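# Observations on chain architecture
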Amino acid sequence: MQLLLFVLSLVGLSHASFWLQDIKHQGVLPFGGDSAYTVFRDVRAYGAMGDGITDDTAAINKAITEGKRCGLGCDSTTATPAIIYFPPGTYLVSAPLIQYYYTFMIGDANQLPTIKAAANFEMKTPWFTYVIDADPYGPGGVNWFVNQNNFFRQIRNLKIDLTGLPATALIGAIHWQVSQATSLQNIEITMAPASPETKQKGIFIENGSGGFFTDIVLNGGDIGMDVGNQQFTTRNIVFNGCNTAVTMSWDWGWVFKSLQINNCGTGVDMSVVNPTSGKQDVGSVILLDCKISNTGVGIKTSFGIANNGSAGSLIVDNVIFDNTPSAVTDSGEVVLFGNTVVKSWGQGFYSDGSSQFPPFRMRGSLDNIEKPAELLDTTGKFFEKSKPQYKDLPASAFLSVKSAGAKGDGSTDDTDAIQNVLNSASSSHVVFFDHGAYLVSRTILVPKGVRIVGEAWPIIMAKGAAFQNPTAPVPVFQVGNVGDVGSVEISDLMFETSGPQPGAILIQFNMKSSSPGATGMWDVHGRVGGTIGSHLQQGECLHGSLNYESCSGPFLMMHITKSAGVYIENSWMWTADHDLDSGGSTRVSIFTGRGVLIESESPVWLYGTAAEHNQMYNYQFSGASNIFAAMLQSETPYYQGTPDALTPFKTNADYNDPDFSNCLPGSKSCVRSWGLRVVQSSNIMIYGAGLYSFFENYAQLCIGTLSCQDNMVSIEASKVTMFNLHTVGTSNMISIDSEPRVPAEPLNATYCSTLAMFVSDARFGKTFQFLTYRQYSHPLLVPQKESVHSG
């Protein structure tokens, strides 16, 4: 391989400016994998030319598939990851590139390579065909991968060009039917110019439980994004000259942050109505800090149709409608005029949890929403920061932990080797974790100023006596000491435990950021059990076995302490509900004490995060202030209530654990993991949350009766503003100071119950007109000047 790359460099086809291409690649498969297996794969080494003339399809697909990887007939695996690297060039393809499970497709970040669909591209008429397909349809129309379990994949730094095909071709750039721990970043898609005849589309998502992507540009085409998913977060997506920028087939919740739509016929079309139910299939949408320019209609809805209930909830917050006369339409009627800046506006059900007024259906301006200045950038938008790729640094700036003596074989104790390289790194270095599994037996301290990047999610795996005491838990990976002020950047790492480690805290942040986003974490995940090498698989922890000691996960997944502040993007803290490496997705029962605990008094930003299947809570904000979250997602453990949320881990007052003392003795549906608990906290801003309870001890009969658990969100002496909350299987969506206040049944519409807006410290005093033309006095809901019609 090295000889071939050298020859290609002599003919001008090698580009050495991006460090990922130039560093020494030492990633291997741990846990007895094939020693000849290649993790990093330059497509040129498999015969791709990138000259825009040669058909590179077979070569690229060979790079993807080589080595008994997970494709058709494989449910999932963590055992065979691969990075498919594209140097600069134009790669002509005549058939889809099938992205196998656990595949990273990465291009040169300094000079984006182009994947161009050839004029003879293999089409699957009358269906759409995609240049990159993450979940192909096989025989009988069955997908290769179960969409809700289609985890662990990335695409970044690519251009995709469809202009070599007719505008009428049923061709798309990316089929992205995915779930958690997936991402798209820094991609430009160019389609045929928009016209009445144009059929091409950019990104297609028809199902899944995602997800996050950012920094995408889509030019031309009929539809920029044709999407539907349980929940999703997208940031900094730009549409230029599409017939329709976004068509939404369904969702429970979707957040568009920093969306830009330019010169399109329609911006976001969420108006589709299910012919059977007569309701919108789109549960909710949030547009936050966006701009829609030179577009006929900004947002299309059907919220006012009869019996729509909570479906079609919409929040428009700090959105510029520039030369866009109709900001929002409802079944064709303008309900919010454009050509202005909309500070905040919404439609859906509103509640402040007051016992005086039940949730009511509303539409109107929300002009009194208070946004903490600490969470905003200098322009008044919520702060955001993309994953750093260090594209300006040379390969010599990267310190390999393997070169420094770490083995990454899943059995050698690498604690000292990792700590030594972190201690030796200067502010000009980036510490590089080659792919592998790095066993650590005590706390790793990450000093301020350190930057860390992983190769295909190398695993930091906790194992040792230090992590065995649940009454005195200690962190596995500790970012800074209390009192430290500075910066740390971490991206593309995986944290796990090897066997039971009930005294472990997987990740703990102590460091206060020296500036917004200076301390951050991108595409970093916690994964407990269900994988090769974890010793928490079906053989040890088959579901229903209740092996509390041998199947114990960590004490806590992630802890952001009072002194810390951090920016987090696309992070999934997952206690496995099924075995990813068993070949059949067999269910397992693993017991992790807690999910994500935030006690920070400094700003915290959470974009596209999830915490699932953790015993006492998935998210807890305790004594915290200034937290921004765009789409929190959680699932209650499938085994509850056998046992309930007080077993096996015991409450610990030092961590302000819930004691469920409000529950009646013997109640199983009350003593359940909180999706979100907010205690003595202030300035909490949540834009989207999908918090689900799908099971009662692995049975799902409780979903239809909303009785899987009693309560999902607990707000205790706190100031919280929340938009578009979705729950499944719970009787009551929100309790305030232990009292149920927002019943789920009246708000049930699209499988979920949806509440468009909740403010916990509302003050009464102003009048608001909503769809049924009743009026309540309320300070946050300002009368709407434009006419509305009855729903």
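Residues numbered from 1 in each chain as written. Predicted model: local features only at pLDDT ≥ 70, side-chain atom pairs only at ≥ 80, totals over all residues. Heavy atoms only, no water.

### Brief notes about the overall build of the protein chain
Looking only at helices and strands, the protein chain has five helices and 54 strands in total. Relative to the globule expectation of 28 Å for 791 residues, the C-alpha radius of gyration of the protein chain, 25 Å, shows essentially globular dimensions. Looking at the protein chain as a whole, 64% of its 791 residues are labelled buried. Summing over all exposed atoms, the protein chain offers an accessible surface of approximately 24,500 Å²; the carbon and sulfur share of this is 52%. The averaged location of the 67 negative side-chain charges in the protein chain is 2 Å from the averaged location of its 47 positive side-chain charges. (Helix = DSSP H or I, 4+ residues; strand = E, 2+ residues; numbered from the N terminus. Rg over C-alpha atoms; globule rule 2.2 N^0.38 Å. Buried < 20%, exposed > 50% of the residue type's maximum accessible area, 1.4 Å probe, protein only. Areas by Shrake-Rupley, 256 points an atom, 1.4 Å probe, with all protein chains shown as cover. Lys, Arg positive; Asp, Glu negative; His and termini not counted. Charge placed at Lys NZ, Arg CZ, Asp CG, Glu CD.)

### Considering helix α4 (residues 415–424)
For α4, the complete set of buried residues consists of Thr 415, Ala 417, Ile 418, Gln 419, Val 421 and Leu 422. If you follow the buried residues of α4, they end up packed against β25 (398–400), β26 (409–413), β27 (430–433), β28 (437–440), β29 (444–446) and β30 (451–454). (Contact = heavy atoms within 4.5 Å.)

### Observations concerning the environment of Val 328
Structurally, the position occupied by Val 328 is in strand β21 (residues 326–330). Through-space distance from the C-alpha of Val 328 to that of Leu 493 is 41 Å; in sequence the pair is 165 residues apart. Val 328 has contacts with Ile 299, Thr 301, Leu 314, Val 316, Glu 333, Val 334, Val 335, Leu 336 and Trp 345, leaving out every residue within four places of it along the chain.

### Description of the nonpolar core
Residues Ile 174, Trp 176, Ile 203, Phe 239, Leu 287 and Phe 621 are the most contacted members of the largest nonpolar core, which totals 208 residues. The greatest single-element share of this core, amounting to seven residues, is contributed by strand β15 (residues 244–257). Setting aside chain neighbours within four positions, we find Phe 239 in contact with Leu 218, Gly 224, Met 225, Ala 245, Val 246, Leu 259, Gln 260, Ile 261, Asn 262 and Cys 264. Met 362, Phe 383, Trp 522 and Met 757 belong to the second largest nonpolar core, which has 25 residues in total. (Core = buried A, V, L, I, M, F, W, Y, C linked by side-chain atoms within 4.5 Å.)

### A short note on the confidence of the model for the protein chain
Here the protein chain averages 93 in pLDDT, while 94% of its residues score no lower than 70. In this model, residues 762–791 is a region of pLDDT below 50 whose contacts with residues beyond four sequence positions or in other chains number 95 contacts. (pLDDT = per-residue confidence, 0-100.)

### Description of the pattern of salt bridges
Using the criterion set out here, one finds 21 salt bridges in the structure. Glu 569 is paired through a salt bridge with Arg 235; the nearest N and O atoms lie 3.0 Å apart. With Glu 569 in strand β41 (residues 566–575) and Arg 235 in strand β14 (residues 223–240), the pair connects residues that are 334 residues apart, well separated along the chain. Judged by relative accessible area, which is 3%, Glu 569 ranks as buried. With its nearest N and O atoms 3.0 Å apart, the salt bridge here joins Lys 719 to Glu 370. Taken together, the residues Lys 719 in the loop between β48 (709–716) and β49 (720–728) and Glu 370 in the loop between β24 (360–365) and β25 connect sequence positions 349 residues apart. Here the residues in one salt-bridge network are Arg 235, Lys 257, Asp 289, Glu 384 and Glu 569, joined through shared partners. (Salt bridge = Lys/Arg side-chain N within 4 Å of Asp/Glu carboxyl O.)

### Comments concerning the side chain of Gln 231
The topology assignment puts Gln 231 in strand β14. Among the polar contacts made by the side chain of Gln 231, one reaches the side chain of Ser 209 at a distance of 2.8 Å. Here Tyr 692 takes part through its side chain, which lies 2.6 Å from a polar atom of the side chain of Gln 231. Filtering out sequence-adjacent residues up to four positions away, Gln 231 remains in contact with Gln 180, Ser 209, Gly 210, Gly 211, Gly 253, Met 631, Gln 633 and Tyr 692. (Polar contact = N/O pair within 3.5 Å; in protein donor to acceptor, adjacent residues only side chain to side chain.)

### As for unusual backbone geometry
Residues apart from glycine generally show negative phi values, whereas peptide bonds are mostly found in trans. Gly 210 connects to Gly 211 through a cis peptide bond whose omega is -5°. Residue placement: Gly 211 occurs in the loop between β12 (201–205) and β13 (212–219). For Ala 181, which is not a glycine, the phi torsion comes out positive at approximately 60°. Since its relative accessible area comes to 2%, Ala 181 is described here as buried. For Asn 570, which is not a glycine, the phi torsion comes out positive at approximately 55°. Here Asn 570 is to be found in strand β41.

### A look at the state of the cysteines
Counted by the stated rule, this structure contains four disulfides. Sulfur-sulfur distance for the disulfide between Cys 70 and Cys 74 comes to 1.9 Å. Between Cys 70 and Cys 74, the disulfide has an S-S torsion of -100° and is therefore left-handed. Of the two residues, Cys 70 and Cys 74, neither departs from the other in class, the shared state being buried. Between the sulfur of Cys 702 and that of Cys 708 lies a disulfide, 2.0 Å long from S to S. What sets the handedness of the Cys 702 and Cys 708 disulfide is the S-S torsion sign, and at about 90° it is right-handed. (Disulfide = S-S within 2.5 Å.)

### Details of the sheet that holds strand β42 (residues 596–598)
Spatially, the 10 strands line up as an open sheet ordered β29-β32-β36-β40-β42-β44-β46-β48-β50-β51, and their pairing is mixed. The two strands at the open ends of the sheet, each matched to only one other strand, are β29 and β51 (739–743). When the angles between neighbouring strand axes are averaged without regard to direction, this sheet yields 20°. One ladder, built from four bridges, connects strand β50 (residues 730–736) with β51; its direction is antiparallel. Paired with Ile 734 across the two strands is Val 742, which belongs to β51. (Pairing = 2+ DSSP bridges. Axes fitted to C-alpha atoms, helices over the stretch in contact; angles between N-to-C directions.)

### Details of the environment of Trp 19
Residue placement: Trp 19 occurs in helix α2 (residues 19–22). Put simply, Trp 19 and Ala 109 are 90 residues apart on the chain and 9.4 Å apart in space, counted from C-alpha to C-alpha. Within the structure, Trp 19 has its side chain in polar contact with the backbone oxygen of Gln 389 (distance 2.8 Å).

### Observations regarding the side chain of Thr 531
Its location among the elements puts Thr 531 in the loop between β39 (525–528) and α5 (538–541). In terms of polar contacts, Thr 531 uses its side chain to reach the side chain of Glu 496, at 3.3 Å.

### Some points on the packing of aromatic side chains
What the rule picks out here adds up to 45 aromatic pairs. On the numbers, 4.0 Å between centres and 35° between planes, the contact of Tyr 638 with Phe 695 is tilted. Taken together, the residues Tyr 638 in the loop between β45 (625–635) and β46 (674–679) and Phe 695 in the loop between β47 (682–692) and β48 connect sequence positions 57 residues apart. For the pair formed by Tyr 638 and Phe 695, the shared burial category is buried. Sitting above the plane of the Phe 204 ring, Lys 201 keeps its charged end 4.8 Å from the centroid. (Phe/Tyr/Trp six-rings, centres within 6.5 Å; stacked < 30°, edge-to-face > 60°. Lys NZ or Arg CZ within 6 Å of the ring centre and 35° of its normal.)

### Quick look at the environment of Ser 571
Counting through the fold element by element, Ser 571 comes out in strand β41. In the structure, Ser 571 is positioned 37 residues away from Gly 608 in sequence and 6.8 Å away in space, judged by C-alpha atoms.

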